[in-house]
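Structural overview for review
Letter by letter, the chains look like this.
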There are 2 protein chains.
Amino acid sequence: MQDHFVHVQCGDCPIRHRAVCARCDTDELAELEQIKYYRSFQAGQTIIWSGDRMDFVGSVVSGIASLTQTMEDGRRQMVGLLLPSDFVGRPGRSTAAFDVTATTDVVMCCFRKKPFETLIAETPHVAQRLLEMTLDELDAAREWMLLLGRKTAREKIASLISIIARREAALHKKKASGNLSVDLPLTREEMADYLGLTLETVSRQISALKKDGVITLEGNRHVSIPDIDRLLEEAGDDTDGGLPV
Amino acid sequence: MQDHFVHVQCGDCPIRHRAVCARCDTDELAELEQIKYYRSFQAGQTIIWSGDRMDFVGSVVSGIASLTQTMEDGRRQMVGLLLPSDFVGRPGRSTAAFDVTATTDVVMCCFRKKPFETLIAETPHVAQRLLEMTLDELDAAREWMLLLGRKTAREKIASLISIIARREAALHKKKASGNLSVDLPLTREEMADYLGLTLETVSRQISALKKDGVITLEGNRHVSIPDIDRLLEEAGDDTDGGLPV
DNA sequence: CGGTTTATTGACGATGCTCAACTTTCGTGG
DNA sequence: CCACGAAAGTTGAGCATCGTCAATAAACCG
């Protein structure tokens, strides 16, 4: 794993068309190419500690990372799930506001913060794309606030599964028809931290959805969805709309 | 109210140094001046309906607006509180994702979306400032996710009051020392919608904080805080850190 | 195959919600 | 200026949901 990404040409990068560099032309890409470097993290490893000095920013190339916040007494809330192409860090701020942890093995495409800041000041395409991505994340965070503040445990679980399913469908570009099935990239505890629940409640509600035929489980992580509309109904979302991302 | 803002010169604008135009030089300001117009809204009036076509963006000049999301069965969650200088709308998206409502009488400085989009493509200072503001809002939204997902009702109320108090202190640039007091800009129901509680629970917890001497009430809206550190402790935040905004 | 991590399930209790009565505040018109 | 009615807020009783603690089961990994 470690060495697979020692140097990938930007043109061949799997996240080329979705990441912060999506809008760059050949010249801009060449500039990025010069200052980028790859870093790998093992599952469970902390990428950045909240409050730490951040001397780099970057994109998730592969794997999943999570953004979490922890209270003094140990209560924890996940505030973002970082997927391939998502951006980590914030130009203009020197310390991290949240913990970033590798949920699976993660490869990141990093830029030292200073050169990157110079670059976004000079290449509008990077700044424009970053603004667009940040606005999308803000919308997603606000959608999540509805879930955290108002949804029941059952609705929270159904929402999480349907979001993962939607993402899966979007990635493989197949319409969400017929028998959809997905792998949960999170443990029960991580789901609990994401949904503002305890892991016991997560487990119970997954069992309940299974018992009611809304989902089927194969192993602990693999979920089949016989009827996606039924799941969306359970999630309590408007039938038409839904979460962006 | 209505006519106070028929035409204010940008140079004299009360939010000049905090809004999306904060970094603009004289020339850029002149451009903005040409395409801006003011709109007033009465307390309770809806500024934008979720799903509606948005043909303008703009800044809150005075008053308070709220960003809310409502489920089919009526459950409601406030996902943002818009204060003077906050930006409304999103370049690059044609329909609104949330309801925007005037909580008090509100005056907005508006720009038609198309000209504004052209402008941010050409004047980097506006785009830069907008990115900065969006990143701040994202951080604030994520802090709020911790509150919604993990804090107790009592902690939620204490957090809300301390945030309003901090903002008050920041605005008047007086250190948060001595006997601080603030006006709550929200009804109990609006607080409930913001905090993910019912209005009854909000009322009960305010009464409890009063009984325990953490706050004092004068009327329904005016809160005095004899000991701000005590309040912050009740809010469950790290003593040092705290919410940006 | 054994040990560790992860997940499930149960019993019980606490926190916050629902429904309802009542009080206070505020704005309006007599 | 007071009185009235509506809106906003408070308080209580009972209950549902979800959290806590604990025991057990399943999955995963050398």
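Because the structure is a prediction, the values reported are computed rather than measured.

1. Some points on the relation of the copies chain B and chain A
Between the two copies, chain B and chain A, the superposition gives an RMSD of 0.0 Å; the rotation angle is 180° and the shift along the axis is 0.0 Å. Put plainly, the chains are arranged around a two-fold axis. Interface overlap between copies: 100% of the residues of chain B at the interface are likewise at the interface in chain A, consistent with a symmetric, same-surface contact.

2. Topic: the interface of chain B and chain A
On the chain A side, the residues contacting the 45 residues of chain B number 45 residues. The junction of chain B with chain A conceals about 4200 Å² of combined surface from both sides, 56% of it contributed by carbon and sulfur atoms. When the buried area of chain B at its contact with chain A is split by residue, Arg142, Met145 and Arg150 of chain B rank highest and sum to 19% of it. Of the charged contacts in the structure, one is a salt bridge between Arg90 of chain B and Asp139 of chain A, with a shortest N-O distance of 3.5 Å. At the junction of chain B and chain A, the tally comes to 26 residue pairs in polar contact (both at pLDDT 80 or more). Those elements giving two or more residues to the side of chain B that touches chain A turn out to be β4 (65-70), β5 (76-82), α3 (124-150) and α5 (188-195) of chain B. Ranked by residues supplied to the side of chain B that touches chain A, first place goes to α3 of chain B with 19 residues. Taken together, the residues of the side of chain B that touches chain A break down into 19 nonpolar, nine polar and 17 charged.

3. Description of the protein's contact with DNA strand D
Neighbouring DNA strand D are 18 residues, the closest being Thr201 of chain A together with Arg188, Ser203, Arg204 and Ser207 of chain B. In DNA strand D, the atoms that sit within 4 Å of the protein are 64% sugar and phosphate, with bases accounting for the remainder. Within the side chain of Thr198 of chain A, one N or O atom sits 3.3 Å away from a phosphate oxygen of DNA strand D. In this structure, Arg204 of chain B approaches DNA strand D through a side-chain N or O atom, which is 2.8 Å from a base nitrogen.

4. What to know about the sheet that holds strand β11 (residues 222-225) of chain A
Residues and elements named next belong to chain A. One open sheet holds the three strands; their spatial order is β9-β11-β10, and the pairing between them is antiparallel. Every other strand in the sheet has two partners, leaving β9 (180-183) and β10 (216-218) as the edge strands with one partner each. For this sheet, the mean angle separating the axes of adjacent strands, direction not counted, is 25°. As paired strands, β9 and β11 are joined by four bridges and run antiparallel to one another. The residue bridging Ser181 from the neighbouring strand is Ser224, located in β11.

5. Overview of the protein's contact with DNA strand C
With respect to spatial proximity, 18 residues lie near DNA strand C, and among them Arg188, Ser203 and Ser207 of chain A together with Ala153 and Thr201 of chain B are the closest. In the environment of DNA strand C, a phosphate oxygen lies 2.6 Å from a nitrogen or oxygen atom belonging to the side chain of Ser203 of chain A. One nitrogen or oxygen atom from the main chain of Ala153 of chain B is found 2.7 Å from a phosphate oxygen belonging to DNA strand C. Of all elements in the fold, only α6 (199-211) of chain A together with α6 (199-211) of chain B reach the threshold of two or more residues within the surface near DNA strand C. Here the surface near DNA strand C gets five residues from one element, more than from any other, and that element is α6 of chain A. Residues of the surface near DNA strand C, tallied by class, amount to three nonpolar, nine polar and six charged.

6. Structural notes on the nonpolar core
Core analysis: the biggest nonpolar cluster contains 112 residues, and Ile47 and Trp144 of chain A together with Ile47 and Trp144 of chain B have the highest contact counts within it. Within the second largest apolar cluster, 52 residues are counted, among which are Cys10 of chain A together with Cys109, Ala127 and Leu135 of chain B.

7. Observations regarding the packing of helix α5 (residues 188-195) of chain A against α6 of chain A
Residue and element names in this part refer to chain A. Viewed as axis vectors pointing N to C, α5 and α6 meet at an angle of 100°, and their least axial separation amounts to 8 Å. Compared by their axis directions, α5 and α6 come out roughly perpendicular. Taken together, the residues of α6 that come into contact with α5 (itself represented by Arg188, Glu189, Met191 and Ala192) are Leu199, Val202 and Ile206. Of the residues contributing to the contact of α5 with α6, the split by class is five nonpolar, no polar and two charged.

8. Looking at the side chain of Lys36 of chain A
Residue and element names in this part refer to chain A. Inspection of the secondary structure assignment puts Lys36 in strand β1 (residues 36-41). At 2.9 Å, the side chain of Lys36 and the side chain of Glu33 are in polar contact. Non-local contacts of Lys36, meaning those with residues more than four positions away in its chain, are made with His7, Val8, Gln9, Cys10, Cys109, Cys110 and Phe111.

9. Points about the domain arrangement of chain A
All names here are of chain A. Segmenting chain A into domains produces domain 1 (2-146) and domain 2 (151-235). Summarising the inter-unit geometry, the C-alpha centres of domain 1 and domain 2 are found 26 Å apart. The contact between domain 1 and domain 2 buries some 1100 Å² in all, and 67% of this surface belongs to carbon and sulfur atoms. Together, Met78, Leu81 and Trp144 form the three largest contributors to the area buried by domain 1 at its contact with domain 2, with a combined 49%. Between Asp193 and Arg76 there is a salt bridge; the shortest N-O distance is 3.8 Å. Connecting domain 1 to domain 2 are four residue pairs in polar contact (both at pLDDT 80 or more). Counting only elements with at least two residues in the side of domain 1 that touches domain 2, the list comes to β5 (76-82) and α3 (124-150). With five residues, the top contributor of residues to the side of domain 1 that touches domain 2 is β5.

10. Side note on the packing of helix α2 (residues 113-122) of chain B against α3 of chain B
Residues and elements named next belong to chain B. At a minimum axis separation of 5 Å, α2 and α3 run at an interaxial angle of 100°. For the element pair α2 / α3, the angle class is roughly perpendicular. Seen from α2, the contacting residues are Phe116, Leu119, Ile120 and Glu122; seen from α3, they are Pro124, Val126 and Ala127. Residue classes in the contact of α2 with α3 are distributed as six nonpolar, no polar and one charged.

Cut-offs and rules
- Residues numbered from 1 in each chain as written.
- Chains lettered and ligands numbered in written order.
- Predicted model: local features only at pLDDT ≥ 70, side-chain atom pairs only at ≥ 80, totals over all residues.
- Heavy atoms only, no water.
- Least-squares fit on C-alpha atoms with pLDDT ≥ 70 in both.
- Contact = heavy atoms within 4.5 Å.
- Buried area = accessible area lost by both parts, 1.4 Å probe.
- Salt bridge = Lys/Arg side-chain N within 4 Å of Asp/Glu carboxyl O.
- Polar contact = N/O pair within 3.5 Å; in protein donor to acceptor, adjacent residues only side chain to side chain.
- Helix = DSSP H or I, 4+ residues; strand = E, 2+ residues; numbered from the N terminus.
- Nonpolar A, V, L, I, M, F, W, Y, C, P; charged D, E, K, R; others polar.
- Near = heavy atom within 4 Å.
- Pairing = 2+ DSSP bridges.
- Axes fitted to C-alpha atoms, helices over the stretch in contact; angles between N-to-C directions.
- Core = buried A, V, L, I, M, F, W, Y, C linked by side-chain atoms within 4.5 Å.
- Buried < 20%, exposed > 50% of the residue type's maximum accessible area, 1.4 Å probe, protein only.
- Parallel < 35°, antiparallel > 145°, perpendicular 65-115°, else oblique.
- Domains from an automatic or database assignment.

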